[in-house]
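# Structural overview for review
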Amino acid sequence: MEGNKRKALFALGALVATAIGIFCYAKPTRAADSGLIITEVMYNPGGTNKGYEWVEVYNSAPAKISIPKNSLGIIDEPEERDPDGKLKNTCHTFDAELAIDPGEFIIITDNKINFQSTHQHYTGKILDSVVELLDSGDTIKLSFDRCSTWEAELTFSSSWGTNGNGRTLEKINLTEADTEENWQESCDIGGTPGEASKECERTSPPSKITYSKNLKISELLPNPSDDEGTGEFTEIYNADPQEITELSDWKLEDKTGNSYPLPDISINPDEYHSFYRNNSSFSLNNTGGETIFLKNPDGEIVDQISYSESAEEDCSFALSAGQFFWTSVLTPNKENVIKAPESDGKKAANAKTGETYQSAENVYLNEILPNPKDGSDGEYIEIANGDTEPVDLFGWKIKDTSKSKGYQFKDHITINPGEYLAIYRPDFKIALNNSDESVYLYNPKNEITSSVSFAKSIENSSYNFDGKEWKWSKFLTPGKKNKFDSLPKVKIKKIKYAYKDLYAEFSVKAEDKETKNLKYIWNFGDGKKSTLAKTTHKYLATGKYIVTLSVSDDSQTVEKSFSLEVKKFPRPDLEIVKIVPNPAGSDAEAETIDLKNNSNKKIDLTGWKIATGSGEKIFNHPISSEFILGPNETKAVTREFSKFSLNNNAGKVQLVMPDGKVADSVEYSKEKIIEDEAYAKINGEWKWFDPNAQEEEILTEESSGEDGAGDGEVLGAMDENPLTAAQYDTHFTSEDAYIFLSQISFMRDRQEINYTPASNPSSNIAYLIASLI
């Protein structure tokens, strides 16, 4: 045994003596762990609860548990005590002797007859309680001494599931902790009394689909000269340069609620498609006051357009350069051509006043500021002149969606070609909404020449037209050419594999020329979100998910989506083939556990664990450094990779996958293990080998593969809390102390495995002493 460990063991003598005295003197508040586990509860079967609730109990110990008459007690907390310390609520005991065999399940119910009638397949032991057992969130305790100390307990909540749906709560892994993640709804109605839980075949939750935002209403013909039933049409344009959009479940709708579900067809990038009234039964008003909405399958408005004036015969309301104009050139299923109707003139006389009004084809809204940080007086609306001649705005009008008459230019204000005019709220008197707002520009003929709509504003950012579409910008440019901040550049790290019940890592690299203050929103497609650039997420069901990431700077957002398939964690063909518990020199530096990869794929063991121990406790030791096994390769795990400790007389070694399942296990025992003696697996049989034997005598197959070699994917998964080598101490550990105490019979010899060390330190005095080392 190594020197530093021997010194520490001698130092334990005084502690052991003291502990024995404490152990003999103190009255325990909780009995030693008996191996009894609560494994299933029916707490709210639906309808009346009384007479149909039950608790399943399991004996995980290797020996039979015998309980004297009137000793087994069950209590339902929260417990209350009177001033003398006695429990107010009833501790129910059972008037019968009870024996529970190893691996046996028993049922405690509040009505034995009801339980038997609803679970006729169950043939095991049933204890009949006279008290109503459970509420929606309780602690259940079992006792061998009439509720003085507790052998098993469970605290659960209705948030864990099953509340009223006829299913039970089942413990998934019987040897692990009673956390919400280790309990599930039973697969079957009524539960599985007398049986271990099983993995349910559940369908994955539907992923949120991201629909295109690039479909536009591009042309309306309300008043054809021919039959309106065959001539009237509404046109949609796919402005996306790459994405094909399926129109199934999309619809057109007017402001009265009349709707037309679009047919199940595809619309290609840069394609126009017209829907005629005789096919769609969707009609347009000839007299104006019309609003048309384009809605995606989620019912969200993707685009909308309004016209308030009467439609001239054979004139369509068409989209061009982001603006709508009345045009006499009809272009169904084609790119729009804007040509003013022949009745339009540059001048129109006002018969009442004699004033002359000027219309123009290319005067448009260019910038609006709806949400200034310095108060509403800072709101402004900007108009641009894209014509080749000066335009007099006398008689022009600006309106929003409110019932107000809007603002009309009553003075002769001229905008020269290429110039911009900003009007502030104290002048135009229109209160712009910070959300769900639309603004319209009317020419003197009461025709809408330009419009803009937004769902939500950004404080102190203006909404600007770039010649094709509207964008938010933090640069305010009233009376000047618009300036846009650059979009964030976003690169998502590719996720190769994702596994059910294991954490997958999501990360993004993003940069912006103007700011480092970027905001992130991950939508994982299962209802969960994160606002971190680098984060982890655990999926609880297999299936395909649409993951969406939004990256926003001060005014703009870039959105990227990708599909991710979540699978069950693969069970690779790995085995433990050799252990050296007592090497010459320092154990900490030379103890080894050899692993062999029998598959034809590389396997990354980062996030796996080496579990070692002796007696009733076994300790997990994460593989914290990169450890890759090539196809058919054998490699030794040392404390460089995992800080395990091997007992020099007897012990257990397990290879544990990231999902907590054991890939392989071996137990060893020898009265005296000489230095460098190896315990090795040859042709399926474990044997002890003399340290002077040749390596070829110990392992019949040597791997020629190199680290990382071979074809195929690398199997692996993240652990929830991966640890680094810096977090471990290579000197004498509490586990070493625990092994020592087990060898002097300070605890019972048991086979039960506990993958959560220190889950109940007070229940075992040996572990309590070991934890002080």
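Positions within a chain are numbered from 1, following the residues in the order the chain's sequence is written. At least 70 in pLDDT is required for a residue's local features to be given in this predicted model, at least 80 for side-chain atom pairs to be given and counted, and no such filter applies to totals for whole chains, interfaces and linings, which use all residues. Side-chain calculation: all heavy atoms of the structure are included, whereas hydrogens and water are not.

## Remarks on the overall build of the protein
To be explicit about the condition: Secondary structure elements are taken from DSSP: a helix is a run of H or I of four residues or more, a strand is a run of E of two residues or more, and numbering for both begins at the N terminus. Using a 1.4 Å probe on the protein chains alone, a residue whose accessible area is under 20% of its type maximum counts as buried, one over 50% counts as exposed, and one in between counts as partly exposed. Contacts were defined at the residue level, with two residues in contact if any of their heavy atoms lie within 4.5 Å.
When its secondary structure is counted, the protein shows nine helices and 55 strands. Burial status across the protein gives 46% buried among its 773 residues. Put simply, of all contacts in the protein between residues at least 6 apart along the chain, 61% involve residues at least 24 apart.

## What to know about the environment of Ala498
Inspection of the secondary structure assignment puts Ala498 in strand 38 (residues 498–499). Exposure remark for Ala498: the relative accessible area of 3% places this residue in the buried category. Placed 44 residues apart in sequence, Ala498 and Thr542 show a C-alpha to C-alpha distance of 9.2 Å. Apart from the residues lying within four places of it in its own chain, the contact partners of Ala498 are Ala504, Leu564, Glu565, Val566 and Lys567.

## Overview of the environment of Asn182
Operational definition: Whenever two N or O atoms come within 3.5 Å, that pair is a polar contact, provided that in protein one can donate a hydrogen and the other can accept it, and provided that, for residues adjacent in sequence, both atoms are side-chain atoms.
By the secondary structure assignment, Asn182 is in the loop between strand 11 (169–171) and strand 12 (183–185). Here the alpha-carbon distance between Asn182 and Lys171, two residues 11 residues apart in the chain, equals 6.0 Å. From its side chain, Asn182 meets the backbone oxygen of Ala177 in a polar contact 3.0 Å long.

## Quick notes on the confidence of the model for the protein
The test is simple: pLDDT expresses how confident the predictor is about each individual residue, on a scale running from 0 to 100.
For the protein, the average pLDDT comes to 78, and 77% of its residues sit at 70 or higher. Low pLDDT, under 50, characterises residues 716–732; the predicted model gives this stretch 38 contacts beyond four residues in sequence or across chains.

## Considerations on the sheet that holds strand 48 (residues 609–614)
As a reminder of what qualifies: At least two bridges found by DSSP between two strands is the condition for calling them paired. Axis definition: a line fitted to C-alpha atoms, limited for helices to the stretch in contact. Angles are taken between N-to-C directions and run from 0 to 180 degrees.
Spatially, the four strands line up as an open sheet ordered 49-48-52-53, and their pairing is antiparallel. Looking along the sheet, the strands with just one partner apiece sit at the ends: strand 49 (617–622) and strand 53 (662–669). Across the sheet, the mean angle from the axis of one strand to that of its neighbour is 20°, orientation sign disregarded. Sheet topology places strand 48 next to strand 49; six bridges connect them, and they run antiparallel.

## Regarding the pattern of salt bridges
Worth spelling out the cut-off: In the sections that follow, a salt bridge refers to a side-chain nitrogen of Lys or Arg positioned within 4 Å of a carboxyl oxygen of Asp or Glu.
Enumeration over the complete set of coordinates arrives at 16 salt bridges. In this structure, Lys213 engages Glu559 in a salt bridge whose closest nitrogen and oxygen atoms are separated by 4.0 Å. Of this pair, Lys213 sits in the loop between strand 12 and strand 13 (215–221) while Glu559 sits in strand 44 (residues 557–567), and the two are 346 residues apart along the sequence. Relative accessible area serves as the criterion here: at 57%, Lys213 is assigned to the exposed category. Residue Lys681 pairs with Glu575 through a salt bridge whose shortest N-O separation is 2.9 Å. Here Glu575 lies in strand 45 (residues 574–580) and Lys681 lies in strand 54 (residues 678–682), a separation of 106 residues in the sequence. Three or more residues joined by partner-sharing salt bridges are found here, namely Glu228, Glu232 and Arg277.

## Concerning the environment of Thr291
For Thr291, the location among the structural elements is in strand 20 (residues 290–295). Separated by 17 residues in sequence, Thr291 and Ser308 have C-alpha atoms that sit 8.6 Å apart. Excluding residues that lie within four positions of it along the chain, Thr291 makes contacts with Glu253, Asp254, Lys255, Gln304, Ile305 and Ser306. Within the structure, the side chain of Thr291 is placed 2.8 Å from the side chain of Ser306, a separation counted as a polar contact.

## So, the sheet that holds strand 8 (residues 125–128)
One open sheet accounts for six strands, arranged 8-7-2-1-11-12; its pairing is mixed. Here the strands that pair on one side only, and so sit at the sheet edges, are strand 8 and strand 12. Within this sheet the neighbouring strands show an average axis-to-axis angle of 25°, counted without direction. Bridge analysis of strand 2 (residues 54–59) against strand 7 (residues 105–109) gives five bridges, and the strand direction is antiparallel. By the bridge assignment, Glu56 is partnered in strand 7 with Ile107.

## Describing unusual backbone geometry
Peptide bonds are trans in most cases, and residues, glycine excluded, mostly fall at negative phi. Non-glycine residue Lys429 carries a positive phi angle of around 60°. Tracing the backbone through its elements, the reader meets Lys429 in the loop between helix 5 (425–428) and strand 33 (435–442). Assessed through its relative accessible area of 66%, Lys429 is described here as exposed. In this structure, Asn632 takes a positive phi of about 60° despite not being glycine. On the secondary structure map, Asn632 appears in the loop between strand 50 (628–629) and strand 51 (634–637). A relative accessible area of 44% means that Asn632 is categorised as partly exposed.

## A look at the pairing of strand 9 (residues 139–143)
Of all five residues that make up strand 9, five are buried, and the element is covered over most of its length. Here four bridges tie strand 9 to strand 10 (residues 152–155), and the two strands are oriented antiparallel to one another. Each bridged residue has a counterpart across the sheet, and for Thr139 the counterpart in strand 10 is Thr155.

## Overview of the nonpolar core
Note the following rule: As used here, the term nonpolar core means buried Ala, Val, Leu, Ile, Met, Phe, Trp, Tyr and Cys residues forming a set that is joined through side-chain atoms within 4.5 Å.
With 27 residues, the main nonpolar core has Ile593, Leu595, Leu605, Trp608, Val653 and Leu655 as its most contacted residues. Residue assignment for this core shows that the elements contributing at least two residues are strand 45, strand 46 (592–597), strand 52 (650–656) and strand 53. The contact partners of Val653, leaving out residues within four places of it in the chain, are Ile576, Ile579, Ile593, Ile610, Ala611, Thr612, Leu646, Asp664, Ser665, Val666 and Tyr668.

## Overview of the packing of aromatic side chains
Note the cut-off: Only Phe, Tyr and Trp rings take part, Trp by its six-membered ring, and two of them pair if their centres are within 6.5 Å. Stacked means planes under 30 degrees apart, edge-to-face means over 60, and tilted covers everything else. The rule for a charge over a ring is simple: NZ of Lys or CZ of Arg within 6 Å of the ring centre, and within 35 degrees of the ring normal.
In the structure shown here, the tally under the stated rule is 31 aromatic pairs. Each member of the aromatic cluster is reached from another via a ring pair, and the members are Tyr364, Phe454, Tyr463, Phe465, Trp470 and Trp472. The ring of Phe484 has Lys471 lying over it, and the distance from NZ or CZ to the ring centre is 5.9 Å.

## Examining the side chain of Asn296
Looking at where Asn296 falls in the secondary structure, it is placed in the loop between strand 20 and strand 21 (301–307). Side chain to side chain, Asn296 and Glu300 meet in a polar contact 3.0 Å long. In contact with Asn296, other than residues within four places in its own chain, are Tyr211, Asp249, Trp250 and Val302.

## Things to note about the pairing of strand 2
The side chains of a regular strand alternate between the sheet's two faces. Strand 2 sits mainly inside the fold: six of its six residues count as buried. Taking every second residue as pointing to the same face, both faces of strand 2 are buried, with Trp54, Glu56 and Tyr58 on one and Val55, Val57 and Asn59 on the other. When strand 1 (residues 36–42) meets strand 2, the two strands line up antiparallel, connected through six bridges. Within strand 2, the position partnered with Val41 by the bridge is Val55.

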